Amino acid sequence: LITGVPIPAEWFDPMKARLERDGVIPVVYEPPDLLSGDLFYNSELLAEVVDDVRAQTGQDKIDILAECTGGLIARHYIQSLGGDQYVSRMVTFISPQHGLPKAPMAADYAGWPALYDLSPGSDFLDAVNDAPLPADVPVTSVYSCTDEYIQPFETSIIPGATNIGLCNGFVGHF
């Protein structure tokens, strides 16, 4: 379970409890500096975490469920850093797969590398969106049409993946 920018690890406790009940060994990873740091670097850190989880659990492959920006670093990991060898399937939710139109303005104000990486047309987003999805890792993107942060919601759609839009009623980012 990989958190994103606005969600701390403890918010995943209900999912973690449900997975434990179902016999799964959940591990929650809260990437450091996901908003202020470099997303290429955060993708490399994820590779180390996956290696550690595999070593600790004895599993050859793991499943990834990643929220918000965590979904972007996970996608880069499976598409470009060899993570497809170690991941069985991946689900992202409320992830800005094609960036956020407001990110450049926020980046100019804050100066944080991740905000530049989340800007449409950035080197990071080009790397993520130009690389093909791995043939052997099913990818699903779950998004909300009424997410108050990830707008336009179409930025969460991944061509070639299973895309699930929650568009009836209000489903916010949190």
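Definitions and limits used
Residues numbered from 1 in each chain as written. Predicted model: local features only at pLDDT ≥ 70, side-chain atom pairs only at ≥ 80, totals over all residues. Heavy atoms only, no water. Helix = DSSP H or I, 4+ residues; strand = E, 2+ residues; numbered from the N terminus. Expected span 1.5 Å × (residues − 1). Buried < 20%, exposed > 50% of the residue type's maximum accessible area, 1.4 Å probe, protein only. Pairing = 2+ DSSP bridges. Axes fitted to C-alpha atoms, helices over the stretch in contact; angles between N-to-C directions. Parallel < 35°, antiparallel > 145°, perpendicular 65-115°, else oblique. Left-handed = near helix turned anticlockwise from the far one by under 90°. Contact = heavy atoms within 4.5 Å. Nonpolar A, V, L, I, M, F, W, Y, C, P; charged D, E, K, R; others polar. Disulfide = S-S within 2.5 Å. Patch = residues over 30% accessible without salt bridge, like charges linked within 9 Å, V, L, I, M, F, W, Y side chains within 5 Å. Areas by Shrake-Rupley, 256 points an atom, 1.4 Å probe, with all protein chains shown as cover. Salt bridge = Lys/Arg side-chain N within 4 Å of Asp/Glu carboxyl O.

J.: So what's going on with helix α3 (residues 69-80)? Which residues, and what values?
T.: Taking 1.5 Å per residue as the helical rise, α3 with its 12 residues ought to reach 16 Å, and the 16 Å between its terminal C-alpha atoms agrees with that figure. In terms of burial, α3 is a largely internal element, 11 of the 12 residues being buried. Just downstream of α3, G82 is the residue with a positive phi angle, here 85°.

J.: Talk me through the sheet that holds strand β2 (residues 87-93); I want residue IDs and the actual numbers.
T.: Strand pairs in the sheet, formed through backbone hydrogen bonds, run parallel or antiparallel to each other. If you walk across this open sheet you meet the four strands as β1-β2-β3-β4, and the pairing is parallel. Each having just a single partner strand, β1 (62-67) and β4 (162-166) make up the two edges of the open sheet. For this sheet the average axis-to-axis angle between neighbouring strands, irrespective of direction, equals 15°. Inspection of the sheet shows β1 paired to β2 by six bridges, in the parallel sense. By the bridge assignment, D63 is partnered in β2 with R89.

J.: Explain the packing of α3 against helix α6 (residues 123-130) to me, and be specific about the residues and the numbers.
T.: In contact at an axis separation of 9 Å, α3 and α6 are set at 55° when each is read in the N-to-C sense. Here α3 lies oblique to α6, going by the angle between them. Note that α3 runs across α6; the crossing there is left-handed. The residues of α6 that touch α3, namely those facing L72, I73, R75, H76, Q79 and S80, are F124, L125, A127, V128 and N129. A class-by-class count of the residues in the contact of α3 with α6 yields six nonpolar, four polar and one charged.

J.: Let's hear about the state of the cysteines: which residues, and what values?
T.: Here, disulfide denotes a covalent bond that connects the sulfur atoms of two cysteines. As enumerated under the stated definition, the model contains one disulfide in all. There is a disulfide in this structure between C145 and C167, and the S-S distance comes to 1.8 Å. Taken together, the positions of C145 in the loop between β3 (139-144) and β4 and C167 in the segment after β4 put the pair 22 residues apart, joining distant regions of the chain. On the accessibility criterion, C145 (18% relative accessible area) is buried. Assessed through its relative accessible area of 38%, C167 is described here as partly exposed. Of all cysteine sulfurs, the one in C145 lies closest to C68, which takes part in no disulfide; the gap is 16 Å. Classification of C68 as buried rests on a relative accessible area of 6%.

J.: Would you mind going over a nonpolar patch on the surface in detail, with residue names and values included?
T.: There is a patch of nonpolar side chains on the surface, built from W11, Y149 and F174 and spanning about 380 Å² of accessible area. Among the structural elements, F174 can be located in the segment after β4.

J.: Go over the packing of helix α2 (residues 39-57) against α3 with me, naming the residues and quoting the values.
T.: How two helices sit against one another is set out by the angle between their axes and by the gap between those axes. Contact pair α2 / α3: the axes reach a minimum separation of 9 Å and the direction vectors enclose 70°. Between α2 and α3, the angle is such that the two are roughly perpendicular. Residues L39, F40, N42, S43, L46, A47 and V50 of α2 form the contact with α3, whose participating residues are T69, I73, A74, H76 and Y77. For the contact of α2 with α3, the per-class residue count stands at eight nonpolar, four polar and no charged.

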